[in-house]
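# Analysis of the macromolecular model
Residue strings, one per chain:
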Amino acid sequence: MRIIETKAEMLAYAAADHDIGFVPTMGYLHEGHLSLVRRAKAENKKVVVSIFVNPAQFNDPADFEKYPVDIAHDAGLLKAEGVDALFLPSRQEVYPHGVPLLTLRYEALMGRLCGAFRPGHFEGVLLIVHNLFMWVKPARAYFGLKDYQQYLLIQKMARDLELPVDVVGCPLVRESDGLALSSRNVRLSATGRKEALKISQALLKAKRDFSRYTQNLPFLKKQLTTDLAPLQVEYASFYDAHTLEEIEDFSKVKPQVLIAVAAFVEGVRLIDNVLVT
Ligand code: PAF
């Protein structure tokens, strides 16, 4: 596996091959990331993974400082998966003039769900993903649907800026007990991990209830809130999966529905969702 640390080297590598599958990450890899790598391997001639903990997308500096890093372990996992190149740029390489003031913004979409609680987060994500696409020049790029809002925004950006890349959304991966995989789970104690299970349990129950009580949205919302108690919930509701608007009446719209939650456990912010059609 080739390790690439500069943009110049990355551009030269990309110029030599035009069928690259790309998995951008912030490292501390788990099965969720590896499922993206495997899909990229199956669909492309070459697979490039990037690891860059992007300071521009952390609205809370303490969260950035605490973000887990283990490059040697990650590199071992990626090598074992047969990844062709690992792009590992430094902060200086990515932001030689500091974080640019340019913002890419979707006003309505970024005002909902995570965007409403993490000002500047998605602007930082779009900036780095846009630039990574410029340097890696992938034919396809793979994103987990656990970060559903992120996936939606990146897909729109690629379409609107006519970036020649297919943005592929891949299923969320869970532990055997249902907990959604996340690099942040490592910060939970054994008790916290048990508490965190409430999130996936509440969501999967909401999905089951949805088919039986579609006509009774207030009941479904109340049930979801009750099932999440006593967690500190940031948002939890039923959303139109295309616009991320909270659904007020299922009889008026029949969209694909996203049931999504963000909640804190032991000060760790966790997100999870399920899609219902
Ligand atoms: O999902 C992530 O890990 C990050 O937001 C991404 C897409 C790698 C951009 O930094």
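Numbers given for residues are sequential positions, taken from 1 along each chain in its written order. For a predicted model such as this one, the threshold for reporting local features is a pLDDT of at least 70, and the threshold for listing and counting side-chain atom pairs is 80 or more; totals across whole chains, interfaces and linings nevertheless cover every residue. By convention in this description, side-chain values take in all heavy atoms of the structure and omit both hydrogens and water.

## Looking at the overall build of the protein chain
Going along the chain from the N terminus, every DSSP run of H or I of four or more residues is numbered as a helix, and every run of E of two or more is numbered as a strand. Per the secondary structure count, the protein chain includes 11 helices and nine strands. Values of the radius of gyration come from C-alpha atoms, whereas the globule rule sets the reference at 2.2 Å times the count of residues to the power 0.38. In summary, the protein chain has a C-alpha radius of gyration of 19 Å against a globular reference of 19 Å for 277 residues, a match within 12%. Along the first, second and third principal axes, the C-alpha set of the protein chain runs to 55 × 40 × 35 Å. Only protein chains enter the area calculation, which uses a 1.4 Å probe; residues under 20% of their type maximum are buried, those over 50% are exposed, and those in between are partly exposed. For the protein chain, buried positions account for 51% of its 277 residues. Once local pairs closer than 6 in sequence are excluded, the contacts in the protein chain between residues at least 24 apart make up 72%. Residues count as neighbours in contact if any of their non-hydrogen atoms are within 4.5 Å of one another.

## Regarding the site of the ligand
Nearness here has a simple test: a residue counts as near a molecule or strand if at least one of its heavy atoms is within 4 Å of that partner. Looking at the ligand, the residues that line it are Pro24, Thr25, Met26, Gln57, Val125, Ile128, Val129, Phe143 and Gln150. Whenever two N or O atoms come within 3.5 Å, that pair is a polar contact, provided that in protein one can donate a hydrogen and the other can accept it, and provided that, for residues adjacent in sequence, both atoms are side-chain atoms. Here an oxygen atom of the ligand sits 2.6 Å away from a polar atom, N or O, in the side chain of Gln57. In the model, an oxygen atom of the ligand is placed 2.7 Å from a nitrogen or oxygen of the Gln150 side chain. Only protein atoms enter the 1 Å grid used here. Points where a 1.4 Å probe fits but cannot escape make up a cavity, open sets with protein on both sides within 12 Å along at least five of seven lines make up a pocket, and a residue lines them when an atom lies within 4 Å of a point. Think of it this way: a molecule belongs to a cavity or pocket when more than half its atoms come within 2 Å of the grid points there. Placement of the ligand is best described as lying within the largest cavity.

## Thoughts on empty space enclosed by the protein
Grid points are joined across faces, edges and corners, and a volume is the space filled by probe spheres set on the points. Summed over all chains, the structure comprises three cavities of 30 Å³ or more. Roughly 940 Å³ of volume is contained in the largest cavity. Lining the largest cavity are 49 residues, with His33, Tyr67, Lys146, Asp147 and Gln150 sitting closest to its centre. Of all the secondary-structure elements, those providing two or more residues to the lining of the largest cavity are β2 (20-25), α2 (31-43), α7 (113-117), α8 (121-136), β5 (140-144), α9 (148-160), β8 (257-265) and β9 (268-276).

## Let's talk about the sheet that holds strand β7 (residues 232-240)
With antiparallel pairing, three strands are arranged side by side in an open sheet as β7-β8-β9. The open sheet has two edge strands with one neighbour each: β7 and β9. With strand direction ignored, the average angle separating the axes of adjacent strands in the sheet is 10°. As a rule, the C-alpha atoms of each element are fitted with a line to give its axis, helices using only the stretch in contact, and angles between N-to-C directions run from 0 to 180 degrees. Running over the sheet, helix α11 (residues 217-228) touches β7 and β8 and is turned about 150° from β7. Pairing between two strands is assigned when DSSP locates at least 2 bridges connecting them.

## Description of the packing of α8 against α9
Running from N to C, α8 and α9 point in directions that differ by 50°, and their axes come no closer than 10 Å. One element, α8, and the other, α9, form an angle in the oblique class. For the crossing formed where α8 meets α9, the hand is right-handed. Where α8 approaches α9, its residues Phe122, Val125, Leu126, Val129, His130 and Phe133 are matched on the opposing element by Gln149, Gln150, Leu153, Ile154 and Met157. Its residues placed into classes, the contact of α8 with α9 shows eight nonpolar, three polar and no charged. Reported orientations rely on four angle classes, namely roughly parallel under 35 degrees, roughly antiparallel over 145, roughly perpendicular from 65 to 115, and oblique for the rest. Crossings are classed by handedness, with left-handed meaning an anticlockwise turn of the near helix from the far one by less than a right angle and right-handed meaning a clockwise turn. Amino acids are sorted into nonpolar (Ala, Val, Leu, Ile, Met, Phe, Trp, Tyr, Cys and Pro), charged (Asp, Glu, Lys and Arg) and polar (every other residue, Gly among them).

## Section: the sheet that holds strand β6 (residues 166-170)
Taken in spatial order, the six strands line up as β1-β4-β3-β2-β5-β6 in an open sheet, and their pairing is parallel. Strands at the two margins of the open sheet, each flanked by one partner only, are β1 (2-4) and β6. Strand after strand, the sheet turns through a mean of 25° between neighbouring axes, direction not considered. In this sheet, β6 lies alongside β5 in parallel orientation, the contact comprising five bridges. Opposite Tyr142, over in β6, you have Val168 as the bridge partner. Of the strands in this sheet, β2, β3 (46-51), β4 (85-87), β5 and β6 are in contact with α8, which crosses β2 at around 145°. α9 contacts β5 and β6 of the sheet and is inclined by roughly 165° relative to β6.

## Things to note about the pairing of β5
As defined by bridge partners, β2 adjoins β5 across two bridges and the pair is classed as parallel. Across the sheet, Gly21 pairs through a bridge with Arg140, a residue of β5.

## A short note on helix α10 (residues 190-212)
Expected helix span is computed as 1.5 Å times (number of residues minus one). Its 23 residues give α10 an end-to-end C-alpha distance of 34 Å, which sits within 8% of 33 Å, the value for a rise of 1.5 Å per residue. Those residues of α10 that fall on the buried side of the exposure criterion are Gly192, Ala196, Leu197, Ile199, Ser200, Ala202, Leu203, Ala206, Asp209 and Phe210. Summarising the contacts, the buried residues of α10 are in contact with α11, β7, β8 and β9.

## A short note on the environment of Ser176
You can see Ser176 is positioned in the loop between β6 and α10. Given a relative accessible area of 87%, Ser176 falls into the exposed group.

## A short note on the pattern of salt bridges
The salt bridge definition used is simple: a Lys or Arg side-chain nitrogen within 4 Å of an Asp or Glu carboxyl oxygen. Tallied over the full model, the rule gives 19 salt bridges. As a salt-bridge pair, Glu81 and Arg38 come within 2.8 Å of each other at their nearest N and O atoms. Within this pair, whereas Glu81 is found in the loop between α4 (71-80) and β4, its partner Arg38 is found in helix α2, the two being separated by 43 residues in sequence.

This is a description of form; function is not addressed.
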